[in-house]
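Per-entry structural report
Here are the chains, one letter per residue:
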Amino acid sequence: QAKAVNRGRFSFFSEEMNSLAQERLALESALRDALRGGSFELHFQPQINLHDHSLHGVEALARWHDPQMGQVSPGRFIPIAEECGLIGELGKWALEEACFQLADWRRRGIQVPSVSVNLSATNFHDLELPQFVTGLLRRYSLAPTDLTLEITETVLMDTNPSTNQTIAAVHALGIPLAMDDFGTGYSSLGYLRKLPVSELKLDQSFVRDMAKDEAVSALTNAVIRIGESLKLTVVAEGVEDADQYRLLISQGCDVAQGYYFSRPMSADQLEHWVREYRSAAPVE
Ligand code: C2E
Ligand code: MG
Ligand code: MG
Ligand code: MG
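Here is what the cut-offs are and how they apply
Residues numbered from 1 in each chain as written. Chains lettered and ligands numbered in written order. Predicted model: local features only at pLDDT ≥ 70, side-chain atom pairs only at ≥ 80, totals over all residues. Heavy atoms only, no water. Donors = N, O, S within 2.8 Å, 3.2 Å for Na, K, Ca; no water. Helix = DSSP H or I, 4+ residues; strand = E, 2+ residues; numbered from the N terminus. Buried < 20%, exposed > 50% of the residue type's maximum accessible area, 1.4 Å probe, protein only. Arc of directions from axis to C-beta. Contact = heavy atoms within 4.5 Å. Salt bridge = Lys/Arg side-chain N within 4 Å of Asp/Glu carboxyl O. Phe/Tyr/Trp six-rings, centres within 6.5 Å; stacked < 30°, edge-to-face > 60°. Pairing = 2+ DSSP bridges.

Within an unreviewed UniProt entry, the label attached to the protein chain reads Bifunctional diguanylate cyclase/phosphodiesterase, and the organism entered is Herbaspirillum aquaticum.

The structure is reproduced here in structure tokens:
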């Protein structure tokens with residue numbers, strides 16, 4: 001009897017695992033096709049300068065619409081892309097697409113100061129990354145400061161021997177680096193000394209609770225003071241309401257990004273947004 005139950009269980013789990021594995025495989029091959037076939041798109045989210053309300057820049061965020069599965073979120077496809085070795089390609093695609101888009105806006109007089117692109121630790125294993133970016137800047141007639149490369153702490157924890165060299169080379173080209181999701185990882189302070197970052201992105205988990213929890217607002221204030229003393233631009237992520245917005249201004253935060261200003265938008269929508277934003281009174 002026990003045997004039968006166990007056997008029943010075993011086959012239950014194995015069927016479940018089998019279907020998970022199959023779903024996973026299907027996602028993986030769809031992802032591969034999507035990267036080649038152009039069903040990826042970049043959306044852009046405005047970043048607002050809190051000192052003068054001007055547009056600081058936009059962050060490029062990958063969007064994937066699959067004909068069968070519909071919209072697949074980055075939370076789902078980024079980990080798969082990491083595991084199946086496609087994340088490097090995705091990062092390079094995003095870099096090229098961002099450069100293309102910025103050049104297109106510039107040509108048509110749409111004033112977007114810069115585009116931030118998210119890169120994976122894997123992109124920094126590639127010693128040819130600096131050369132790749134240089135090629136893009138030349139092809140699209142852009143300056144190094146037209147881009148910002150967003151990295152996360154995983155880049156720093158990385159023991160790959162190429163990483164330091166690639167980071168140094170990108171920095172030497174004059175391309176700004178931003179530390180994404182700042183405050184969520186380990187040893188956040190030690191590496192700020194060593195890394196050539198010019199921007200700290202205060203993680204949205206702090207912003208979410210800062211207006212309702214004094215301990216959290218003490219932390220955001222501390223991060224902003226660190227940024228100030230190290231002369232780094234502090235960008236608050238995930239700003240959703242007026243309370244957070246006002247508190248960030250009172251703490252002297254430099255830049256904010258979040259649904260309070262706008263969700264990430266297609267290139268066309270961003271263009272309209274920029275036109276309207278520039279002609280409207282500053283947000284208050
Ligand atoms: P991230 O770089 O920290 O990007 C910010 C995320 O917060 C985005 O999620 C954005 O849509 C979301 N967000 C913006 N404002 C708000 C807000 O007010 N409230 C809330 N709750 N969320 C807000 P998204 O687009 O789903 O991307 C998730 C993550 O996926 C990104 O986090 C980034 O780590 C990764 N990712 C996205 N695109 C790329 C890419 O092209 N390459 C790589 N390597 N990673 C990417
Ligand atoms: Mg980011
Ligand atoms: Mg982030
Ligand atoms: Mg992130």
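Ideal values for angles at a metal depend on the geometry: 109.5 degrees with four tetrahedral donors, 90 or 180 degrees with six octahedral donors. Every protein donor of the magnesium ion (ligand 2) is accounted for by E59 (OE), N118 (OD1), E150 (OE) and D180 (OD), and the metal-donor separations fall at 2.0 to 2.2 Å. Counting the intervening residues between successive donors of the magnesium ion (ligand 2) yields the motif E-x58-N-x31-E-x29-D. A distance of 4.3 Å spans the gap from the magnesium ion (ligand 2) to the magnesium ion (ligand 3), which D180 bridges by coordinating each metal. Taken as a pair, E59 in strand β2 (residues 55-66) and N118 in strand β4 (residues 115-118) lie far apart in primary sequence, 59 residues in all. Using a relative accessible area of 27% as the deciding quantity, one classes N118 as partly exposed.

Further remarks concern helix α10 (residues 242-250). Listed in full, the buried residues belonging to α10 are Q244, Y245 and L248. Looking straight down α10, one finds its buried side chains confined to an arc of 100°; they lie on one side. Those residues of α10 hidden inside the fold are in contact with β7 (199-202), α8 (204-210), α9 (214-229) and β8 (233-236).

For the rest of this paragraph, the subject is the pattern of salt bridges. The final tally for this structure, using the stated rule, is 18 salt bridges. The shortest N-O distance in the salt bridge between E28 and R32 comes to 3.5 Å. Of this pair, E28 and R32 are both found in helix α1 (residues 2-37), 4 residues apart, which corresponds to roughly one turn of the helix. For E28, a relative accessible area of 19% gives the class buried. Residue R32 is classed as partly exposed on the basis of its relative accessible area, which comes to 29%. A salt bridge links D209 to K212, with the nearest nitrogen and oxygen atoms 3.5 Å apart. For K212, a relative accessible area of 64% puts it in the exposed group.

It is worth spelling out the coordination of the magnesium ion (ligand 3) at this point. Donor atoms from the polypeptide that bind the magnesium ion (ligand 3) are D180 (OD), D181 (OD), E237 (OE) and E237 (OE), placed at 2.0 to 2.4 Å. Look at D181 and you get partly exposed, because its relative accessible area is 29%.

Once that is clear, we can look at the packing of aromatic side chains. In this structure the tally under the stated criterion is 10 aromatic pairs. Judged by centre distance (5.2 Å) and plane angle (80°), the rings of F40 and F77 are edge-to-face. One end of the pair, F40, is in strand β1 (residues 40-49); the other, F77, is in helix α2 (residues 74-83), with 37 residues separating them in the sequence. Judged by centre distance (5.2 Å) and plane angle (70°), the rings of Y260 and F261 are edge-to-face. Given the relative accessible area of 27%, Y260 is considered partly exposed.

In terms of burial, strand β6 (residues 177-182) is a largely internal element, 5 of the 6 residues being buried. By the bridge criterion, 3 bridges tie strand β5 (residues 147-151) to β6 in an arrangement that is parallel. Bridging across to β6, L149 finds its partner in L177. In this structure, β6 lies alongside β7, joined through 3 bridges in parallel fashion. Following the sheet pairing, F182 is matched in β7 by L202.

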